[in-house]
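Remarks on the overall topology
For reference, the chains in residue letters:
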Amino acid sequence: MLRCLHPWRLSGGRAGLRLLQRHLFTMKVQSPEFQSLFTEGLRSLTELFAKENHELRIAGGAVRDLLSGVKPQDVDFATTATPEQMKGLFQAAGVRMINNKGEKHGTVTARLQNENFEITTLRIDVVTDGRHAEVEFTTDWQQDAERRDLTVNSMFLGFDGTLYDYFNGYEDLKNKKVRFVGHAKKRIQEDYLRILRYFRFYGRIVDKPGDHDPETLEAIAENAKGLGGISGERIWVELKKILVGNHVSHLVHLIYDLDVAPYIGLPANASLEEFDKVSRNVEGLSPKPMTLLASLFKVQDDVTKLDLRLKISKEEKNLGLFLVKYRNDLTKATDSAEPLKPYQDFIIDSREPDAAARVWELLKYQGQPDLLRQLRDQWKKSGYQMEKDELLSHIKKS
């Protein structure tokens, strides 16, 4: 149950002068998903911070998920305590800390009751270069919210169920809107990867594609080249999530229309018609990201160039090369009387250990759900092992 309390405007002070002028909206969140977070470990964590009078709240994506009625897979926490203060209270309580690499950015990871808790000090970006930021710690929650990318990711949730929303994130979530916090251009120039994050969350939140703020699209087009300086690994993480999300055809067309494609390894002469066809073919079949992406490629060299830019895995690269090479050949060889035969023959003749998994994806690419079911049934009857557990996972997904 969500119950509105009250909105008010922050003003005054050094922070108030530099912050975007927004209303702080608060309300109570009382839901089964929220209550399910209160494990023994989390209760111990909140007690430690309360004892030392440090504020601690759930932050970002976990809040967004809870407001959407979804239990978050990962929960990040934000606090007014500095990393040194956190280390002090954990050491005093005999709590083990792990992975100290995040400390310079304000993040401490503690292990309580066999659970890991990642807690980050509130911060502001002092210097940004489009990839990384030099941060300064703060105790002002609004300042931390202002540095986040999207309004739906800028909210905090107290453990008493109070939501803290400075930039209309809850309203945007209710209305299925994806907006940057403040000015899109400024947020993007702080980290150019936010262009792809915008596309990803658009596919996750928006019901019907096509409604974009013109200022946002203009900012993306103007700053697309900034993605050229972002590591391929970071781009691939976001791109894969876009490919398995909603409205993928709309978003990939937008990626080309706004001239984002050349900076993220996608071919200039992509076959968008083929992509549209394959995106329809794979609906409901849980394709791998590469299965869909391969439809943009006309030749195998396109896959090789993508690998050079994004550093995809060997398995992903081989799947892309396979789909580009065989997507037409095996179809041409299909006998209407025995449509499965060329696929079965390929698996038997191939010496590749994951040949069956690739054929499975090829049938999705071609939009052959009936053949998928037939192949699955034959494998089950014959006891055929396709990467053992992998076949079972494919069957469950399909």
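Scroll up for the structure.
Report follows, based on the coordinates. (Residues numbered from 1 in each chain as written. Predicted model: local features only at pLDDT ≥ 70, side-chain atom pairs only at ≥ 80, totals over all residues. Heavy atoms only, no water.)

When you go through the chain residue by residue, the secondary structure sums to 21 helices and eleven strands. Counting all 398 residues of the chain, 51% fall into the buried class. Within the chain, contacts between residues at least 6 apart in sequence are counted, and of these 65% link residues at least 24 apart. Accessible surface, the chain: about 19,600 Å² in total, of which carbon and sulfur atoms supply 47%. (Helix = DSSP H or I, 4+ residues; strand = E, 2+ residues; numbered from the N terminus. Buried < 20%, exposed > 50% of the residue type's maximum accessible area, 1.4 Å probe, protein only. Contact = heavy atoms within 4.5 Å. Areas by Shrake-Rupley, 256 points an atom, 1.4 Å probe, with all protein chains shown as cover.)

Summed over the entire model, instances satisfying the criterion amount to 28 salt bridges. As a salt-bridge pair, Arg57 and Glu55 come within 3.1 Å of each other at their nearest N and O atoms. Residue Arg57 is classed as buried on the basis of its relative accessible area, which comes to 8%. Overlapping salt bridges bring together Asp149, Arg197, Arg200 and Glu238 as one network. (Salt bridge = Lys/Arg side-chain N within 4 Å of Asp/Glu carboxyl O.)

Our next topic: the packing of helix α16 (residues 314-326) against helix α19 (residues 355-365). Between two packed helices, both the angle of their axes relative to each other and the distance between the axes serve to describe the pair. α19 packs onto α16 with a crossing angle of 55° between their chain directions and a minimal axis gap of 10 Å. The orientation of α16 relative to α19 falls into the category oblique. For the element pair α16 and α19, the recorded crossing hand is right-handed. Within the contact between the two elements, α16 uses Asn318, Leu319, Phe322, Leu323 and Tyr326 and α19 uses Arg358, Val359, Glu361, Leu362 and Tyr365. For the contact of α16 with α19, the per-class residue count stands at seven nonpolar, one polar and two charged. (Axes fitted to C-alpha atoms, helices over the stretch in contact; angles between N-to-C directions. Parallel < 35°, antiparallel > 145°, perpendicular 65-115°, else oblique. Left-handed = near helix turned anticlockwise from the far one by under 90°. Nonpolar A, V, L, I, M, F, W, Y, C, P; charged D, E, K, R; others polar.)

Across soluble globular proteins, nonpolar side chains have a tendency to be buried as a group. Among the nonpolar cores identified, the biggest contains 104 residues, and Phe90, Phe199, Val260, Leu266 and Leu293 are the most heavily contacted of them. Leu293 has contacts with Trp236, Leu239, Leu243, Leu266 and Leu306, leaving out every residue within four places of it along the chain. Formed by eleven residues, the second largest nonpolar core is a distinct cluster that contains Leu24, Ala145, Phe156 and Tyr166. (Core = buried A, V, L, I, M, F, W, Y, C linked by side-chain atoms within 4.5 Å.)

Moving on, we come to the pairing of strand β4 (residues 76-79). The sheet contact formed by strand β3 (residues 56-59) and β4 spans four bridges and is antiparallel. Bridge pairing in β4 places Ile58 opposite Phe77. Here four bridges tie β4 to strand β7 (residues 115-121), and the two strands are oriented parallel to one another. By the bridge assignment, Thr79 is partnered in β7 with Thr121. (Pairing = 2+ DSSP bridges.)

An α-helical turn contains 3.6 residues, so any two residues separated by three or four positions project in the same direction. Looking only at helix α10 (residues 214-223), the buried set comprises Thr216, Ala219, Ile220 and Asn223. Here the buried residues of α10 occupy an arc of 100° about the axis, which is enough to place them on one side. Buried residues along α10 sit against α8 (184-190) and α9 (194-205). (Arc of directions from axis to C-beta.)

Below, the discussion takes up unusual backbone geometry. Backbone geometry at Asn53 places phi at a positive 60°, although glycine is not the residue there. Looking at the element boundaries, Asn53 is found in the loop between α3 (40-51) and β3. Despite not being glycine, Ser286 shows a phi value in the positive range, around 50°. Tracing the backbone through its elements, the reader meets Ser286 in the loop between α13 (272-281) and α14 (289-293).

Turning our eyes to something else, we now look at the packing of α9 against helix α12 (residues 248-257). In the contact formed by α9 and α12, the axes pass within 10 Å of each other and the chain directions differ by 160°. Between α9 and α12, the angle is such that the two are roughly antiparallel. The handedness of the crossing between α9 and α12 comes out as right-handed. Together, Phe199, Tyr202 and Gly203 of α9 and His250, Leu251, Leu254 and Ile255 of α12 make up the contact between the two elements. Among the residues forming the contact of α9 with α12, the class breakdown is five nonpolar, two polar and no charged.

Purely spatial values, then, with no claim about function.
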